[in-house]
Amino acid sequence: MTTHLLPLPAFADNYIWLLHDGRRALVVDPGDAQPVLDALARMPDLQLEAILLTHHHADHTGGVATLRSQTGAQVLGPADEKLPEPVSRLNAGDTVEAAGFRLQVIGVPGHTAGHIAYFLEPAGTDATPPLLFCGDTLFSGGCGRLFEGTPAQMLASLDRLSALPCNTRVCCAHEYTLSNLRFALAVEPHNQALIDHHARCTDLRAKHEPTLPSTLALEQAINPFLRSRLPSVIEAVQAQAPDLPGADEAAVFARLREWKNNFK
Ligand code: ZN
Ligand code: FE
């Protein structure tokens, strides 16, 4: 079986990920139906069998009703979020089969209270690296805003993702990379992997190409939100927040996230 992975751009900076084997397809977080319908029209051999949702926000779910009615695809999503029904509800730790792919469900609360991610470990002879669909939890060079969860929850969620194999392809739901990397460089101006990646992504965006998928190994080298326990990051955060008591890891993470929220 050959696995094909495509980011379908939607709205200003969303990606709807399309995964298929040449015949059976699934999409993740279709905020808009049209990019998916256009892709299916270009690839008439594909049958859209499943729609996977990571969380309830409209830019991830707005295309569900149209896609369901036009393709009959099954919709899967997190147990405790308000979603366009009917949805097969998933919990952290579940394994699901969708369009012939087996995916593990990982609980990643923080951006929303019930946010989940999907991890696909390739089967048997498939040479494809493992894939992670992480919605608005982990971005290249950044992480999602804390709308419904606490800093400690988000930190634990990112730890869960960071523990996956380092060759995992990270399929984020937004092209936020360049602005995230500008912030990351303010945190760690001497991080050479970060400097190099920023140059690479600047080139890609100048050509209107996606900077994604990223890899977990790369994110561990450049993403301040996966590096918040390292002295370089703790010191940068403390320089911004001199009142920070000690170096409690959730407090450092919270201040890092606040710094990013206010970063221009
Ligand atoms: Zn969101
Ligand atoms: Fe989003």
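Shown above is the structure to which this text applies.
Residues numbered from 1 in each chain as written. Chains lettered and ligands numbered in written order. Predicted model: local features only at pLDDT ≥ 70, side-chain atom pairs only at ≥ 80, totals over all residues. Heavy atoms only, no water.

Draft legend 1. Expanded view of the packing of helix 1 (residues 34–42) against helix 3 (residues 64–71). Where helix 1 contacts helix 3, the axes come no closer than 9 Å and their chain directions differ by 30°. Overall, the two elements helix 1 and helix 3 adopt an arrangement that is roughly parallel. Here helix 1 contributes Val36, Leu37 and Leu40 to the contact with helix 3, which in turn contributes Thr66, Leu67, Gln70 and Thr71. For the contact of helix 1 with helix 3, a count of residues per class yields four nonpolar, three polar and no charged. (Axes fitted to C-alpha atoms, helices over the stretch in contact; angles between N-to-C directions. Helix = DSSP H or I, 4+ residues; strand = E, 2+ residues; numbered from the N terminus. Parallel < 35°, antiparallel > 145°, perpendicular 65-115°, else oblique. Contact = heavy atoms within 4.5 Å. Nonpolar A, V, L, I, M, F, W, Y, C, P; charged D, E, K, R; others polar.)

Draft legend 2. A look at the packing of helix 4 (residues 151–162) against helix 9 (residues 249–261). One can describe the packing of helix 4 onto helix 9 by two numbers: an axis separation of 9 Å at closest approach and a directional angle of 95°. Between helix 4 and helix 9, the angle is such that the two are roughly perpendicular. Contacts between helix 4 and helix 9 involve Pro151, Ala152, Met154, Leu155 and Leu158 from the first element and Glu249, Ala250, Phe253 and Ala254 from the second. The class makeup of the residues in the contact of helix 4 with helix 9 is eight nonpolar, no polar and one charged.

Draft legend 3. Region of interest: the pairing of strand 7 (residues 95–98). Side chains Val96 and Ala98 project from strand 7 onto a buried face, and the interleaved Thr95 and Glu97 project onto a face without burial. For strand 7 and strand 8 (residues 101–107), the ladder comprises four bridges, and the chain directions are antiparallel. Bridge pairing in strand 8 places Val96 opposite Leu103. Following strand 7, the chain reverses through two residues before pairing antiparallel with strand 8; Ala99 in that reversal takes a positive phi of roughly 50°. (Buried < 20%, exposed > 50% of the residue type's maximum accessible area, 1.4 Å probe, protein only. Pairing = 2+ DSSP bridges.)

Draft legend 4. Inspection of the coordination of the iron ion (ligand 2) at higher detail. Asp59 (OD), His60 (NE2), Asp136 (OD) and His174 (NE2) make up the full set of protein donors to the iron ion (ligand 2), lying at 2.1 to 2.3 Å. Expressed as a motif, the donor residue spacing for the iron ion (ligand 2) is D-H-x75-D-x37-H. Distance-wise, the zinc ion (ligand 1) is placed 3.2 Å from the iron ion (ligand 2), both being coordinated by Asp136. Residue Asp59 is found in helix 2 (residues 58–61), and its partner His174 is found in the loop between strand 13 (169–172) and helix 5 (177–187); the two are separated by 115 residues along the sequence. (Donors = N, O, S within 2.8 Å, 3.2 Å for Na, K, Ca; no water.)

Draft legend 5. Expanded view of the sheet that holds strand 14 (residues 214–215). Ordered in space as 7-8-9-10-13-14, the six strands form an open sheet in which the pairing is mixed. The two strands at the open ends of the sheet, each matched to only one other strand, are strand 7 and strand 14. Here strand 13 pairs with strand 14 via two bridges, running antiparallel. Counterpart to Val170 in the pairing with strand 14 is Ser214. Sitting on the sheet, helix 4 touches strand 8, strand 9 (116–120) and strand 10 (131–135), and the angle it makes with strand 8 is about 150°.

Draft legend 6. Inspection of the sheet that holds strand 1 (residues 4–10) at higher detail. Pairing is mixed across the open sheet formed by six strands, whose spatial order is 1-2-3-4-5-6. The open sheet has two edge strands, strand 1 and strand 6 (88–90), and neither has a second partner. Here the average twist between neighbouring strands, direction ignored, is 25°. In this sheet, strand 3 (residues 24–28) lies alongside strand 2 (residues 14–20) in antiparallel orientation, the contact comprising four bridges. In the strand pairing of strand 3, His20 is matched with Ala25. Strands in contact with helix 1 are strand 1, strand 2, strand 3 and strand 4 (47–52); relative to strand 1, the strand with the most contacts, it is inclined by about 135°. Contacting strand 3, strand 4 and strand 5 (74–78), helix 3 runs over the sheet at an angle of about 150° to strand 4.

Draft legend 7. Structural context of the packing of aromatic side chains. For the coordinates displayed, the defined rule picks out six aromatic pairs. Consider the rings of Tyr15 and Trp17, whose centres lie 6.0 Å apart with planes at 55°: the pair is tilted. We classify Tyr15 as buried; its relative accessible area is 6%. By relative accessible area, which is 2% here, Trp17 ends up buried. With 5.2 Å between their ring centres and 70° between their planes, Phe183 and Phe263 make a pair best called edge-to-face. One end of the pair, Phe183, is in helix 5; the other, Phe263, is in the segment after helix 9, and 80 residues separate them in sequence. Take Phe263: its relative accessible area is 27%, and that puts it in the partly exposed class. (Phe/Tyr/Trp six-rings, centres within 6.5 Å; stacked < 30°, edge-to-face > 60°.)

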